[in-house]
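Here is how the chains run, residue by residue.
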Amino acid sequence: MSQFVKAVLFDLDGTLIDTAADFVRIIDKMSGENDWQAPPEAEIREQVSAGASAMVQLMLRHNDQLEVSEPELLEFRQQFLDDYEAEICVDSCVFDELEEVLRVLEEKSVPWGIVTNKPRYLAEQLLEKMQLNERCSVLVCPDDVSRSKPDPEPMYAALERLSIPRGAAESVLYVGDHIRDIEAGKAAGMPTILAAYGYIPPEDQKNLKKWGADYITETPADLNKLLLSSGKFDYL
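Cut-offs used in this document
- Residues numbered from 1 in each chain as written.
- Predicted model: local features only at pLDDT ≥ 70, side-chain atom pairs only at ≥ 80, totals over all residues.
- Heavy atoms only, no water.
- Axes fitted to C-alpha atoms, helices over the stretch in contact; angles between N-to-C directions.
- Helix = DSSP H or I, 4+ residues; strand = E, 2+ residues; numbered from the N terminus.
- Parallel < 35°, antiparallel > 145°, perpendicular 65-115°, else oblique.
- Left-handed = near helix turned anticlockwise from the far one by under 90°.
- Contact = heavy atoms within 4.5 Å.
- Nonpolar A, V, L, I, M, F, W, Y, C, P; charged D, E, K, R; others polar.
- Expected span 1.5 Å × (residues − 1).
- Buried < 20%, exposed > 50% of the residue type's maximum accessible area, 1.4 Å probe, protein only.
- Phe/Tyr/Trp six-rings, centres within 6.5 Å; stacked < 30°, edge-to-face > 60°.
- Lys NZ or Arg CZ within 6 Å of the ring centre and 35° of its normal.
- Pairing = 2+ DSSP bridges.
- Patch = residues over 30% accessible without salt bridge, like charges linked within 9 Å, V, L, I, M, F, W, Y side chains within 5 Å.
- Areas by Shrake-Rupley, 256 points an atom, 1.4 Å probe, with all protein chains shown as cover.
- Salt bridge = Lys/Arg side-chain N within 4 Å of Asp/Glu carboxyl O.
- Lys, Arg positive; Asp, Glu negative; His and termini not counted.
- Charge placed at Lys NZ, Arg CZ, Asp CG, Glu CD.
- Right-handed = clockwise from strand over helix to strand, strands pointing away.

**Student:** So what's going on with the packing of helix 1 (residues 20–33) against helix 4 (residues 70–86)? Which residues, and what values?
**Tutor:** The contact between helix 1 and helix 4 brings their axes to 10 Å, and the two run at 130 degrees. Of the possible angle classes, the one that applies to helix 1 and helix 4 is oblique. Classified by chirality, the crossing of helix 4 by helix 1 is right-handed. Touching Asp22, Phe23, Ile26, Ile27, Lys29, Met30 and Glu33 of helix 1 are Phe76, Gln79, Phe80, Asp83 and Tyr84, all from helix 4. Partitioned by chemical class, the residues of the contact of helix 1 with helix 4 number 7 nonpolar, 1 polar and 4 charged.

Set out below in C-alpha cells:
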C-alpha cells in the first residue's frame, strides 16, 4: 500500500541543488590570490555540507597553512562568504531529474520546501537566482530557529508554515545528504530519504545504512524514481 504524502521537504546544498561547482570556483580563486595550490575538486565537494569554515580550512591544510590565527581564519571565511554572495549562482543547478520531481509535485498541488543550515540571506539569493523562490512553499534556515538540524525544531517550523500539524509529520517526506538531516527528520517523525549522491566524505560512505534513513537513493535518478514511479507514495 502506498503512503499518502502531503508535502516533500529537501535539504538544499547537495540534495536539491548542486552548488559545489561555485564553491570550487571560489576556493580556486582564493588559492590563486594567495599563490597557493587549490585542493582537488572532489575534496572540496566533500566539505560543502560542513560549511564555509570547513572549506576554508581544507584550503589552508592543503597548503600547510597550519599556523593561521583565529582572526585570520575568520577573515578568510568572511572573504569566502563575500565572494560567494557576489557570484552565488554561476554554475549551480538543480540536480539532474529533480526538476521533474518539482514539476510533478506542483502539478499535483503538493507543496515542496527546503529546510537547510544555509544562512537565509544566501539561501534566498540562491533560490531567487535560480527562479525557485516563488515555487518553494517554505524555506527554513538557521536564522528562523533557536536550534538547527539535527534538532527537529526546523522541521517543526516547516510543518507550522505549511499548516500541517506535528501529528501528521508522517505524511511529510524529508530528503537530505547529511546525518544531521536524517536525525532531524526522524526526530520530527518524518519518513527520511538519504541522498547518497550528495556531499558525503568517503569515510562516511561506508556507514550510510547506520544513519537509519527509511530510504537510500544513490543518484538523483533513483530519487526521481522513488518519489514518482515506485508506487510507494501517493500524492492525491
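**Student:** So what about helix 1? Which residues, and what values?
**Tutor:** For helix 1, spanning 14 residues, the distance from its first C-alpha to its last is 20 Å, which sits close to the expected 20 Å at 1.5 Å a residue. Within helix 1, the full set of buried residues consists of Ala20, Asp22, Phe23, Val24, Ile26, Ile27, Met30 and Ser31. Residues of helix 1 that are buried in the fold lie against strand 3 (17–18), helix 2 (41–47), helix 3 (52–62) and helix 4. Asp35 lies just past helix 1 and shows a positive phi near 60 degrees.

**Student:** So what's going on with the environment of Pro142? Residues and values would help.
**Tutor:** Relative to the helices and strands, Pro142 resides in the loop between strand 6 (138–140) and helix 7 (153–161). Taking relative accessible area as the criterion, Pro142 reaches 24% and is therefore assigned partly exposed. Along the primary structure Pro142 and Glu153 are separated by 11 residues, whereas in three dimensions their C-alpha atoms are 9.9 Å apart. Leave out the neighbours within four places in its chain, and Pro142 touches Thr116, Asn117, Lys118, Pro119 and Ser148.

**Student:** Go over the packing of helix 3 against helix 4 with me, naming the residues and quoting the values.
**Tutor:** Where helix 3 meets helix 4, the closest approach of the two axes is 9 Å, and the angle between their N-to-C directions is 115 degrees. Classed by the angle they form, the pair helix 3 and helix 4 counts as roughly perpendicular. When you trace helix 3 past helix 4, the crossing you get is right-handed. For the pair helix 3 and helix 4, contact is made by Ala52, Ser53, Met55, Val56, Gln57, Met59 and Leu60 and by Leu73, Phe76, Arg77, Phe80 and Leu81, respectively. A per-class count over the contact of helix 3 with helix 4 returns 9 nonpolar, 2 polar and 1 charged.

**Student:** Which residues make up the packing of aromatic side chains, and what values go with them?
**Tutor:** For the coordinates displayed, the defined rule picks out 6 aromatic pairs. Aromatic side chains Phe10 and Trp112 sit 6.5 Å apart centroid to centroid with 75 degrees between the ring planes, which places their arrangement in the edge-to-face category. Pair noted here: Phe10 is in strand 2 (residues 7–10) and Trp112 is in strand 5 (residues 112–115), with a separation of 102 residues, a long-range link. Residue classification places Phe10 among the buried positions, given a relative accessible area of 0%. Ring geometry for Tyr215 and Phe233: centres 5.6 Å apart, planes at 75 degrees, overall edge-to-face. Pair noted here: Tyr215 is in strand 9 (residues 215–217) and Phe233 is in strand 10 (residues 233–234), with a separation of 18 residues, a long-range link. Residue Phe233 is classed as buried on the basis of its relative accessible area of 9%. The lysine or arginine in question, Arg166, covers the ring of Tyr156, its NZ or CZ lying 3.8 Å from the ring centre.

**Student:** Explain the sheet that holds strand 8 (residues 192–195) to me, using residue names and the numbers behind them.
**Tutor:** Read from one edge of the open sheet, 6 strands run 6-5-2-7-8-9, paired in parallel fashion. Each edge of the sheet is formed by a strand with only one pairing partner; in this case those strands are strand 6 and strand 9. Strand-to-strand twist of the sheet, defined as the mean angle between neighbouring strand axes without regard to direction, takes the value 20 degrees. Pairing geometry for strand 2 and strand 7 (residues 172–176), over 4 bridges, is parallel. Bridge pairing in strand 7 places Ala7 opposite Val172. Running over the sheet, helix 8 (residues 179–187) touches strand 7 and strand 8 and is turned about 175 degrees from strand 8.

**Student:** Any details on a negative patch on the surface? Residues and values, ideally.
**Tutor:** Taken together, the side chains of Asp96, Glu97, Glu218 and Asp222 present a region of like negative charge at the surface. You can see Glu218 is positioned in the loop between strand 9 and helix 10 (220–228).

**Student:** Give me the pairing of strand 8: which residues, what numbers.
**Tutor:** Residues Thr192 and Leu194 of strand 8 are buried on one face, and the alternating residues Ile193 and Ala195, pointing to the opposite face, are buried as well. Pairing analysis gives 3 bridges linking strand 7 to strand 8, with the strands arranged parallel. Note on strand 8: the bridge partner recorded for Gly176 is Leu194. On the question of chirality, the crossover connecting strand 7 to the parallel strand 8 by way of helix 8 is right-handed. In terms of strand pairing, strand 8 meets strand 9 through 3 bridges, oriented parallel. In the strand pairing of strand 9, Ile193 is matched with Tyr215.

So far we have only geometry, and geometry alone does not tell us how the molecule works.
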